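A structural walkthrough
In case you want the letters, here they are:
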Amino acid sequence: MFYDRDEEGRALLRETLRQRDPRVAPVETLRQLAHRLVTGRNPVVEFSARSGAFVATAAGSETLKARARAIRDELAGVVRVALAESVGRGPEDPDADLAAGLLLATWSVAFLRAHRTFRATRRTEAANAAFLAVIDRGTAGLAAALAGTPYAEAAAP
């Protein structure tokens, strides 16, 4: 029950990749999703006193930290499969594995940086900016690491 938005996040990632414009690379599609979530004030990317309390509670519990790691590992599989499907590759594609791992690392660092920023400033706008800065930089790294693959390249018009 503590991680009640887990399935919502998974569904959002899958649906975003299923409905992506084929002229936009999957990693760029997910970068754009992060920006839409922040702009739309989606609770999945909330940086506030309330979400900070949630993070602090999770960080203080070995059980909750273990569950968060398990969710991250499960999510890596969901992202890998969704990415592979979005470009017509099989779920065991090694490029999809790399993309999913780098994507989750990027989003994890972005969430942690944003929560630290909120704790320091008590300003949601500053936390949102910190989150998106890491997302944008991480996406650039993803695109470089996956250059020449359909995960970083848009389909030809």
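Residues numbered from 1 in each chain as written. Predicted model: local features only at pLDDT ≥ 70, side-chain atom pairs only at ≥ 80, totals over all residues. Heavy atoms only, no water.

**A word on the pattern of salt bridges**
Definition in use: Criterion for a salt bridge: a side-chain nitrogen of Lys or Arg within 4 Å of a carboxyl oxygen of Asp or Glu. Each residue is assigned to one of three classes by its accessible area relative to the maximum for its type, calculated with a 1.4 Å probe on protein chains only: buried under 20%, partly exposed between the two thresholds, exposed over 50%.
Going through the model one piece at a time under the given rule, you end up with 13 salt bridges. Here Arg50 ties to Glu46 by a salt bridge, and the two come within 2.4 Å at their closest N and O atoms. Two residues, Asp73 and Arg72, come together in a salt bridge whose shortest N-O distance is 3.9 Å. Owing to a relative accessible area of 38%, Arg72 belongs among the partly exposed residues under this scheme.

**With respect to the packing of helix α2 (residues 26-39) against helix α6 (residues 124-145)**
As a reminder of what qualifies: Note on geometry: axes are lines fitted to C-alpha atoms, helical ones only across the stretch in contact, with angles between N-to-C directions running from 0 to 180 degrees. Secondary structure elements follow DSSP: runs of H or I of four or more residues count as helices, runs of E of two or more count as strands, with numbering from the N terminus. Each angle receives one of four descriptions, namely roughly parallel if under 35 degrees, roughly antiparallel if over 145, roughly perpendicular if within 65 to 115, and oblique otherwise. Any two residues whose heavy atoms approach within 4.5 Å are treated as being in contact. Ten residue types, Ala, Val, Leu, Ile, Met, Phe, Trp, Tyr, Cys and Pro, are classed as nonpolar, four, Asp, Glu, Lys and Arg, as charged, and the remainder, Gly among them, as polar.
One way to put it is that α2 packs onto α6 with a least axis distance of 10 Å and a crossing angle of 175 degrees. Classified by the interaxial angle, the pair formed by α2 and α6 is roughly antiparallel. Contacts between α2 and α6 involve Val27, Glu28, Arg31, Ala34, His35 and Val38 on the former and, on the latter, Asn128, Phe131, Leu132, Ile135, Asp136, Thr139 and Leu142. In terms of residue class, the contact of α2 with α6 is made up of 7 nonpolar, 3 polar and 3 charged.

**Examining the layout of surface pockets**
Cut-off, in case you're wondering: Site definitions follow a grid-based scheme: protein atoms alone, a 1 Å grid, a 1.4 Å probe that fits but cannot get out for cavities, and for pockets an open set with protein on both sides within 12 Å along at least five of seven lines, plus lining residues having an atom within 4 Å of a point. Grid points are joined across faces, edges and corners, and a volume is the space filled by probe spheres set on the points.
Estimates place the volume of the second largest pocket at around 210 Å³. Forming the boundary of the second largest pocket are Leu37, Val38, Arg41, Asn42, Pro43, Val45, Glu46, Phe47, Ser48, Thr124, Glu125 and Asn128. Of all the secondary-structure elements, those providing two or more residues to the lining of the second largest pocket are α2 and α6. For the lining of the second largest pocket, the element with the most residues is α6, which contributes 3 residues. Grouping the constituent residues of the lining of the second largest pocket by class yields 5 nonpolar, 4 polar and 3 charged.

**Observations concerning the packing of helix α5 (residues 94-121) against α6**
Rules: By definition, any crossing whose near helix is turned counterclockwise from its far helix by less than a right angle is left-handed, and any crossing with a clockwise turn is right-handed.
One can describe the packing of α5 onto α6 by two numbers: an axis separation of 8 Å at closest approach and a directional angle of 160 degrees. Of the possible angle classes, the one that applies to α5 and α6 is roughly antiparallel. In this structure, α5 crosses over α6, and the sense of that crossing is right-handed. Here the contact of α5 with α6 is built from residues that sort into 18 nonpolar, 6 polar and 1 charged.

**Observations regarding the packing of aromatic side chains**
This is how the line gets drawn: Each Phe, Tyr or Trp ring (for Trp, its six-membered ring) is paired with any other whose centre lies within 6.5 Å, and the angle between the two planes then decides the class: stacked below 30 degrees, edge-to-face above 60, tilted in between.
For the structure shown, the criterion picks out 5 aromatic pairs. Here the aromatic rings of Phe111 and Phe131 are separated by 5.1 Å at their centres, their planes lie at 55 degrees, and the arrangement is tilted. Taken together, the residues span a long stretch of sequence, with Phe111 in helix α5 and Phe131 in helix α6 at a distance of 20 residues. According to the relative accessible area criterion, Phe131 is buried, its value standing at 0%.

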